[in-house]
Structure formats: C-alpha cells, structure tokens
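Per-entry structural report
One letter stands for each residue in the lines below.
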Amino acid sequence: MKSAVIVFPGSNCDRDMAVALEKITGQKPVMVWHQEYDFPEVDFIALPGGFSYGDYLRCGAMSARSHVMKEVIKRANAGVPTLGVCNGFQILTEAGLLPGALMRNANLHFVCRDVEMTVENGDSMFTRNYEAGTTVTIPVAHHDGNYFADADTLDRLEGEGQVAFRYNDDVNGAQRRIAGILNEKGNVLGMMPHPERMIEPALGGTDGRVLFESVLHTLG
Amino acid sequence: MTDIQITPELVKEHGLTTAEYDRILKALGRTPTITELGIYSVMWSEHCSYKSSRIHLKKLPTKAPWVIQGPGENAGVIDIGDGQAAIFKMESHNHPSYIEPYQGAATGVGGILRDVFTMGARPVANMNALRFGEPDHPKTRHLVAGVVAGIGGYGNCVGVPTVGGETNFDASYNGNILVNAMTVGLADTDKIFYSAAAGVGNPVVYVGSKTGRDGIHGATMASAEFTEDSEEKRPTVQVGDPFTEKLLIEACLELMATDAIVAIQDMGAAGLTSSSVEMASKGGVGFELILDHVPQREANMTPYEMCLSESQERMLMVLKPGREDMAKAIFEKWELDFAVIGHITTTGKLTLKFKGEVVGDLPIDSLVEDAPQYDRPSKPTPKRDAVDVAAPADLGKAVMDLVGGPNLCSRRWIWEQYDHMVMGDTIQRPGGDAAVVRIHGTMKGLAISTDVTPRYCYADPVEGGKQAVAETWRNITAVGALPLAITNCLNFGNPERPEIMGQFVGCLEGMGEACRTLDYPIVSGNVSLYNETNGKGILPTPAIGGVGVMADIDRMATIGFDRAGDMILMIGETKNELGASLYQKEILGEDKGLPPLVDLMVERRNGDFVRALIENGQVTTCHDLSDGGLIAALADMAIAGGMGASISVGDELPLHVQLFSETQARYLIAVDAELATTIRQEARDAGIPVTMLGTTGGERLRVNDGAIDLAMSDLKAAHQGWFPNYMNAAE
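Quantities reported herein were computed from a predicted structural model and do not represent experimental measurements. (Residues numbered from 1 in each chain as written. Chains lettered and ligands numbered in written order. Predicted model: local features only at pLDDT ≥ 70, side-chain atom pairs only at ≥ 80, totals over all residues. Heavy atoms only, no water.)

**Focus on the interface of chain A and chain B**
Counting residues at the interface gives 28 residues for chain A, matched by 31 residues for chain B. For the chain A and chain B pair, buried surface summed over both sides reaches about 2,400 Å², with 55% attributable to carbon and sulfur atoms. Linking chain A with chain B are five salt bridges, by the criterion used here. Residue Arg438(B) is joined to Glu200(A) by a salt bridge in which the shortest nitrogen-to-oxygen separation is 2.8 Å. For the side of chain A that touches chain B, the secondary-structure elements that each account for two or more residues are helix H1 (14-25), strand E6 (111-119) and strand E7 (135-142) of chain A. When residues in the side of chain A that touches chain B are grouped by element, the largest group, four residues, is from E6(A). (Contact = heavy atoms within 4.5 Å. Buried area = accessible area lost by both parts, 1.4 Å probe. Salt bridge = Lys/Arg side-chain N within 4 Å of Asp/Glu carboxyl O. Helix = DSSP H or I, 4+ residues; strand = E, 2+ residues; numbered from the N terminus.)

**Here we look at the pattern of salt bridges**
On inspection of all chains with the given rule, the structure shows 59 salt bridges over all chains. Across the pair Arg166(A) and Glu158(A) runs a salt bridge whose closest N-O atoms are separated by 2.8 Å. Since its relative accessible area comes to 28%, Glu158(A) is described here as partly exposed. Linking Asp591(B) and Arg384(B) is a salt bridge whose minimum nitrogen-to-oxygen distance equals 3.2 Å. Taken together, the positions of Asp591(B) in the loop between helix H20 (582-588) and helix H21 (600-615) and Arg384(B) in the loop between helix H14 (364-367) and helix H15 (395-403) put the pair 207 residues apart, joining distant regions of the chain. Under the relative-accessibility criterion, Asp591(B) is labelled partly exposed at 39%. What emerges from the salt-bridge pattern is a single network uniting Arg15(A), Lys23(A), Glu200(A), Asp425(B) and Arg438(B). (Buried < 20%, exposed > 50% of the residue type's maximum accessible area, 1.4 Å probe, protein only.)

**Brief notes about the sheet that holds strand E27 (residues 700-703) of chain B**
Residues and elements named next belong to chain B. Within the open sheet, the seven strands sit side by side as E23-E25-E22-E26-E24-E27-E28. Their pairing is mixed. At either end of the open sheet lies a strand with only one pairing partner, and these are strand E23 (622-624) and strand E28 (708-711). Going across the sheet, the axis of each strand differs from the next one's by a mean of 20°, ignoring polarity. Pairing geometry for E27 and E28, over four bridges, is antiparallel. By the bridge assignment for E28, Val-703 is matched with Ile-708. (Pairing = 2+ DSSP bridges. Axes fitted to C-alpha atoms, helices over the stretch in contact; angles between N-to-C directions.)

**Comments concerning the pairing of strand E10 (residues 178-182) of chain A**
The two faces of a sheet get side chains in turn, since along a regular strand they alternate between them. Residues and elements named next belong to chain A. E10 sits mainly inside the fold: five of its five residues count as buried. Strand direction decides the pairing type here: E10 and strand E11 (residues 188-191), joined by three bridges, are antiparallel. Across the sheet, residue Leu-182 finds its bridge partner in E11, namely Leu-189. Here E10 hands over to E11 after five residues, with Gly-186 in that stretch at a positive phi of 85°.

**Details of unusual backbone geometry**
Phi is positive for Tyr53(A), close to 50°, though the residue is something other than glycine. Structurally, Tyr53(A) can be placed in the loop between strand E3 (44-47) and helix H2 (61-64). Within the chain, Glu313(B) stands out as a residue other than glycine whose phi angle is a positive 60°. By the secondary structure assignment, Glu313(B) is in the loop between helix H12 (303-308) and strand E10 (314-319).

**Things to note about the sheet that holds strand E14 (residues 426-428) of chain B**
To summarise the sheet geometry, strands pair through backbone hydrogen bonds and adopt either a parallel or an antiparallel arrangement. All names here are of chain B. Here we have six strands laid out as an open sheet, ordered E14-E15-E16-E21-E17-E18, and mixed in their pairing. Because the sheet does not close on itself, it has two edges, and the strands there are E14 and strand E18 (522-528). If you compare each strand with its neighbour and ignore which way they point, the axes differ by 25° on average. Looking at chain direction, E14 and strand E15 (residues 435-438) are connected through two bridges and run antiparallel. Directly across from Thr-426, in E15, lies its bridge partner Val-437. Contacting strand E17 (482-491), E18 and strand E21 (541-550), helix H19 (residues 498-518) runs over the sheet at an angle of about 175° to E17.

**Focus on the side chain of Gln90(A)**
All names here are of chain A. Among the structural elements, Gln-90 can be located in helix H4 (residues 87-94). We classify Gln-90 as buried; its relative accessible area is 5%. Setting aside its immediate chain neighbours within four residues, Gln-90 contacts Asp-55, Cys-59, Gly-60, Leu-102, Asp-144 and Met-192.

Here it is as structure tokens:
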C-alpha cells in the first residue's frame with residue numbers, strides 16, 4: 001500500500017503519521033510539501049495533525065486553500081482513501097470534503113488525554129477491523145475539536161452511517177459527541193483523536209493500530 | 001539620534017550606577033551615544049552579565065567524562081552513547097509572566113527551545129517548574145490560568161511534548177511567581193553547533209521574524225525589583241509566535257544538515273546586541289553590522305530600538321563564504337526572513353552603522369570581560385533548632401487534607417492542557433516520578449525531572465541545595481534511569497541584601513556537594529535575582545532539572561500499584577524529620593525546625609540498589625518519598641493503580657512521624673511475595689534498611705488496623721478534585 005502524508009507549514013504530527021504508516025503497512029509514505037501541485041499516485045492520503053499556519057484565521061482554513069489541497073480534493077473525489085486527523089479533520093471540513101465545522105472546545109481549554117469512544121460504523125474501509133459497538137481508547141490533543149453541524153446534517157450523518165466514532169463521554173462539547181465522520185462515499189474519514197499515537201503497548205495501547213490495519217486490509 | 005544628551009537621569013533610567021557609568025567612560029574614552037548606552041545597560045544588567053552570581057557559579061562542578069559542553073554555551077551537552085547527545089537547559093521567565101502570564105510563559109518556552117535547537121538538537125521534550133502565590137491570593141487563579149495556557153499555547157503549536165514539571169503554591173510568591181521552562185533535545189555528537197564566531201570577512205546573517213519594538217529593556221526589567229507600578233511594564237513583555245518558531249526549527253535543522261554554518265546563536269534577552277556581542281566575544285573577533293539591513297516590522301525604527309528589541313523567533317548566524325544563496329533558499333522555503341546584516345572584522349569591536357553613519361563603536365571586551373563583577377556581602381542563614389512537631393487532631397483528616405490540598409493534589413488539570421504525546425515517543429506521561437521519552441528509533445529512554453523544595457532552602461540553604469539536586473536524582477532513579485547531569489534555574493530575591501546572598505551562597509554550596517557526590521554535574525543554567533516586591537523576597541528556589549538515560553524502556557518503573565496482593569516494601573530508613581515538612585506547613589500552619597538532613601552517601605547507596613532492581617526487571621512499581629512522606633507516596637501509588645493498600649508501621653517513632661516525616665533517600669516498591677523475600681535478603685546483605693509494610697489491594701487505604709482507614713474513592717476524589725474545583729471557582 002503506497003501512501004502520502006501531506007505536510008503544511010506548522011504540521012507537527014507528520015512524522016508520527018509517517019512512523020505509524022511505515023510500521024503498519026511496511027512501506028515508507030511519500031512526504032508531500034504543500035507547494036507541490038502533483039505528487040506520485042498513491043493508494044492512501046493522510047492529512048496529519050498539528051497547527052498548520054499556526055491555526056491563524058481559523059484552524060485549517062488556510063491549508064484548505066493551498067495548492068496541494070486542490071489535488072487532494074480531486075483525488076478524494078475520485079475515490080482515493082483519505083484520512084484527516086485532528087488538524088487534518090479541520091482541513092477536510094474547511095475544504096468541503098466533509099460537512100460541518102470544528103469549533104473551540106466548549107470549556108475553552110486545550111485537552112490532551114486518552115478518551116474512550118465507540119465504533120459506530122464497523123463496515124467502512126477505515127473501521128472494518130473493529131467490531132461495531134466496541135469501545136476503543138485513543139488520545140485526543142486539540143483546542144478546537146467541538147464538532148458542529150446543523151440538525152439536518154447531523155440526522156443525515158447518523159442515518160447514512162457516516163458517524164464513524166462517538167465519544168463515550170463529553171470531551172469537547174461536540175454535537176452528539178461526534179469524534180469522527182465519513183463522507184457519503186465512505187472514502188474520506190476525519191477524526192479528532194490520534195490513532196497514530198496508539199499503535200504499540202509502550203505508548204499505552206494498540207487501539208489506533210486497528211484503523212491502519214483496516215485500511216491495509218481493504219487496499220492490500 | 002546621536003544628538004540625545006546623556007544625562008545622569010538617563011544613565012539611572014538605564015539601570016546603571018554612577019560607578020558603572022564611570023567604567024563605561026573610561027573604557028570608551030568618550031561619552032557614549034544613546035545606542036551605546038542602551039547596549040551597555042543590557043550587557044551589564046544582572047540578567048546578561050551575572051554580575052552578582054558569577055564568582056559563586058564558578059565553584060560548581062561542571063565536568064564528567066560524559067559532559068561534552070558545560071555552562072557557557074546556549075545549553076549543556078552530554079554524551080548518551082551510540083553517537084548521540086542530549087542537549088538541555090532550563091531558564092526563567094518570571095518577571096514577564098507575572099505582568100502578562102500568557103505571553104510571559106509562552107515566550108519563556110520559545111526562548112528555551114531556541115537555546116536548544118540553536119546547538120543542532122531537535123527538541124524532544126519540554127518541562128517546567130512553576131511557583132505561584134497562595135491559592136487565596138486574588139491574583140493566583142488568573143496567573144495559573146494564564147501561565148498554563150501560555151506554556152500549552154506555545155509548546156502544543158511547536159509540536160514538542162510538554163512531558164512534566166512541578167507546580168507549588170506559597171505566599172512568598174504572591175508578588176513574584178516563578179516560571180522556569182526546560183527543553184531537552186537530541187543531536188548527533190558530531191553535529192553540534194556552537195556560538196563562537198570565526199573567519200574574518202564571513203557574513204553575519206539574520207534569520208527568523210522581523211524586528212519590532214517589543215520587549216525593549218526586558219533584560220533590564222528582569223534585573224530589578226517589582227514595585228507598585230510594575231503593571232506599567234507590560235509593553236516590555238514580548239509576544240510569541242509559535243508558528244514561526246516551528247518554521248524556524250525546521251529551517252535551522254535543514255540548514256544544519258549542510259556544512260554552511262560556522263556559528264549560530266539565538267537572539268534572546270537583549271536581542272541582536274547580546275547575540276552579536278557573545279558570538280564575537282567567544283570567537284575573539286569583531287562584528288560590523290549594517291542596521292539598515294535588519295528586517296524591520298515597523299517603520300522608522302532607530303538603531304537604539306533595533307539593538308535592544310527582544311522580538312522573538314530570531315537567530316543570528318555566521319556562514320561560510322559563498323553559502324548565502326543556498327541558506328537563503330532554505331529560509332525562503334519556510335517563508336522566513338533572511339538577511340546578511342554584516343561581517344566579521346579583526347577590530348575586536350562591535351561597529352554599528354546606520355544610514356551611512358557609525359552609531360556605535362564598542363570594544364567587545366569592555367562589554368563582556370570588563371562587565372562589573374560583585375562579591376556582594378552575604379550573611380549565612382542562622383541555624384535553626386530542632387523541634388518536636390505535634391501530632392494532628394485527626395490523622396485520617398490530615399491525610400485527606402494533604403493529599404487533597406494544593407501542594408500534593410493531582411496536577412492533571414494542568415498537564416491535560418499540554419500536548420504531552422506529540423512526537424510519538426512519550427513512554428512515561430506526566431504524573432509519575434520522572435517523565436520518560438524514548439530516543440526515537442531506539443529502545444533507549446531519556447528520563448527527566450524538575451525539583452526543588454524551597455521550604456528546605458529557606459530553613460537551611462545548604463541542606464536545601466543538596467536536597468534539590470538529590471530529589472531529581474532520586475526521581476530519575478525511581479523510574480529506572482541513570483541520572484547523568486543537571487541544569488538549574490536559580491531564583492532568588494534581591495542580591496543586594498546580605499541575607500539573600502547568604503541564601504544564594506548556601507544553596508550553591510549544597511548543590512555543589514550533591515553534584516560531586518552523586519557524579520551528577522551541572523551543564524547549564526540561569527540565574528534570576530530580584531524576585532522581590534516592595535522588599536519582600538521569594539523563598540530561595542534553586543530549581544533543578546535532571547536528565548538520565550535508561551538502556552531499555554521495557555524495564556521501567558511506574559508509580560501505580562498494578563497487582564493486588566503485592567508486598568509493599570520501603571527502602572531506606574525513616575527518622576524523626578518533620579521540621580520544615582509539608583505536614584507542618586499545611587496541617588499545623590507552622591514553619592520551624594530543621595529540614596531533613598541529606599546524607600548523600602546513603603542517597604547514592606539506596607538509589608543504586610533500587611535502580612538495579614528495576615534494570616534487572618525485578619521491580620516495575622516504584623515511587624520515591626518526598627513532600628508528605630510515606631503516606632503521601634502510598635496514596636499516590638494507590639490512586640494511580642486504582643486499588644487500595646493496607647500497611648502496618650512499628651512503634652519506634654510516633655505514628656504521625658512515621659507517616660509524614662520527610663527523611664530523604666527513601667523509596668516504596670511493590671513486588672510479589674516471593675520476590676519480596678529475595679529483595680529483603682539482598683538489601684540486608686548490602687546493609688540497606690528495608691521494611692516490609694503491607695500489601696496492595698482492596699478499596700481502602702488502611703494503616704495499623706484502622707488508625708487510618710480511608711475509602712479509596714474519597715481519597716481519589718480529593719486528589720483529583722482540588723485543582724479543577726479551585727480553577728472552576730473563577731469561571
């Protein structure tokens with residue numbers, strides 16, 4: 001499985017994502033700098049966490065309008081599996097690949113800790129190795145993870161099985177405790193928790209590893 | 001600009017004494033320009049020149065076979081094997097953090113990060129040591145909130161995990177909080193960069209952010225006491241931009257992978273002035289700078305402002321000739337300013353030109369070597385008498401009050417606001433004895449701890465100095481790592497008062513002795529004096545940051561009990577040492593008597609024994625004993641492990657002494673019964689006191705058949721609850 005990690009100025013989980021992808025897929029991902037219009041054809045695109053453009057203006061707003069994102073949008077729309085974690089999720093919503101927005105945490109504080117969440121959809125290419133309904137523990141680290149969308153959108157997401165993960169307890173004020181969502185086609189996943197930080201017992205667990213294994217399982 | 005008349009008032013406003021100004025006149029043989037006066041003022045400030053502390057700092061032990069670079073560079077460097085070095089330093093940002101807590105703390109983190117990556121290291125961990133006033137003081141809550149948000153705001157954005165630290169409250173910090181930030185980085189031993197400029201004609205290059213009018217005279221502010229009008233000093237606090245810092249780290253490390261750099265130094269306190277003078281001084285050369293070429297954020301900046309600005313996220317480099325274009329391309333890729341602003345000369349002077357005129361022409365030696373040094377009078381702290389410390393009215397309540405009080409409760413509210421996991425190598429998260437960060441791509445780990453007990457330093461500076469060093473050593477040992485070296489941040493009151501100098505000299509004496517006995521040298525540090533408001537000084541607070549290495553992160557100890565039915569053993573002996581203890585202060589509201597005496601040979605013997613048990617895989621649950629004594633450590637281990645414990649202590653000493661005494665060199669471990677027997681025998685053979693206390697498990701914390709009998713759920717709620725309850729009371 002060939003993958004690419006997109007790097008923006010201020011990304012800071014790009015290395016963590018690359019380490020996880022290499023460890024689990026056995027192949028080093030291509031690191032793609034934001035000014036690169038076209039990058040090699042890959043099976044999987046990851047938008048890592050961090051503070052691209054310092055979170056200035058709005059989290060993810062400037063990255064969503066970068067050169068490389070035009071290409072990412074094109075490929076995601078053509079069906080290439082695309083994962084956005086944390087700042088990557090914010091970029092996906094700003095780029096219009098996923099609905100809704102991520103607002104400042106309800107208590108206004110940055111939060112970094114392990115959280116429990118339920119796998120709501122166990123059939124997607126990102127979650128098929130999990131069993132639907134199980135609780136997994138994966139850390140969050142964000143200031144702006146409070147997912148918001150209007151009620152119709154939320155109902156649609158719920159109805160179409162697009163809610164991938166839901167926090168067991170309120171973490172940041174997110175509507176319906178949503179932690180991660182899929183697009184309609186199921187090839188784009190945005191999530192606030194960091195699966196790349198839970199890939200080995202030394203880091204506290206392996207619940208995040210299963211997500212990458214699901215993708216590998218799907219793509220081979 | 002050059003027309004400004006230098007008057008005695010102007011000299012005084014620059015924090016220079018008449019004697020110091022006479023020294024300047026003599027060195028120059030003429031009246032300085034206003035720019036020159038400003039430069040002398042910052043270079044000779046306490047903050048930059050260490051004029052009150054230098055003669056004492058020289059006495060500290062700084063050498064060991066594994067020390068690559070001791071004090072005097074941007075940060076200390078130690079060899080950690082396999083061709084790698086750990087580079088680290090701790091620095092204060094006390095004065096600015098009191099005036100503007102968010103930006104003060106944030107730029108403190110930014111500054112210490114630059115000190116470390118300027119030497120070629122990728123920063124891998126941030127730590128801190130924070131002191132606030134008493135919780136009831138009207139400013140405390142606001143300061144805690146601002147400082148924590150500032151540290152998080154900067155560190156989280158830069159993407160370096162903040163893995164731990166310490167936070168305490170005491171009334172002596174009501175008007176002077178302490179914000180000490182530490183960064184640890186990793187580099188290859190053959191890729192370390194230094195600040196000594198060399199090569200006549202080589203270009204002097206400015207990179208990073210533009211220069212603005214912020215932070216002018218920050219160093220001078222940090223060298224004076226606070227008064228009622230300190231609020232007016234807010235404009236001297238710098239504003240941080242962690243996004244630019246992140247770009248600067250990546251750009252510098254990218255350039256450092258080439259061979260273009262001769263010397264590099266960050267622009268910290270006193271900005272462009274201090275960095276160019278230090279680089280020139282270390283290299284024994286002169287600098288000629290064309291100030292017109294300095295990237296400027298604001299219009300019509302004067303040479304004075306450009307030289308004294310403390311705008312953040314800037315670096316100064318000397319490049320090899322002909323490498324400018326290649327270097328420039330790297331900084332342009334990262335969208336940072338890059339400007340050749342001068343070159344190296346043979347004059348031994350700092351020559352500043354602006355609009356074709358010479359606006360400053362200063363002998364480097366005069367600014368550095370010639371800076372005043374004071375052997376200030378010092379008065380040793382009088383020895384206290386030993387006292388008997390009374391038992392509490394209610395033992396169980398005393399335990400609850402301590403464990404659920406401001407100084408021992410969980411700091412989770414703080415560290416959950418720090419990204420402590422980014423970079424994917426945090427093996428031991430905050431809340432334990434020491435943070436452990438894996439050395440990327442290996443099985444080795446760096447253990448880091450920051451500690452000091454100001455109560456002890458105040459009661460007996462020599463013992464307190466020893467204890468601060470010993471406690472970091474013990475904390476690093478308790479996770480299974482070998483302590484290698486320390487950095488320090490020496491926070492004291494006004495050195496012009498003999499009793500404060502007495503505290504300073506005493507603490508340094510104790511620290512030096514501990515470093516020597518424990519083979520644990522000092523490789524970097526920082527001094528922050530004048531932590532006083534209206535003549536009232538802080539408790540002497542020499543914060544120590546220790547770094548150690550473990551060979552295998554799979555052989556590491558954590559504090560939480562992990563199996564019910566384990567035996568709890570105490571390594572080390574408990575003495576009647578309740579003077580200056582946390583129990584005495586918090587429960588009895590007193591501060592008297594002798595602090596615990598630090599027997600460094602015992603510390604070393606007991607610690608080496610415990611570390612060996614962890615290294616050989618026998619022990620995975622261990623906690624050192626410190627503030628609050630045995631019962632506080634036991635409660636920590638029970639809460640972290642989610643299970644209770646039941647212990648019995650003998651009657652050689654009164655029960656409250658056994659439980660709350662703060663005797664040093666002690667550890668608790670928990671192991672299965674069979675191993676407990678083996679370890680007890682091994683300890684006896686080695687002549688190390690060991691006591692079998694009891695067993696783990698159950699839902700209660702019990703001592704001596706019900707003398708204390710607390711529900712774990714209550715204890716945990718008190719421990720976890722204090723901080724959020726306190727902070728939320730404001731919202």
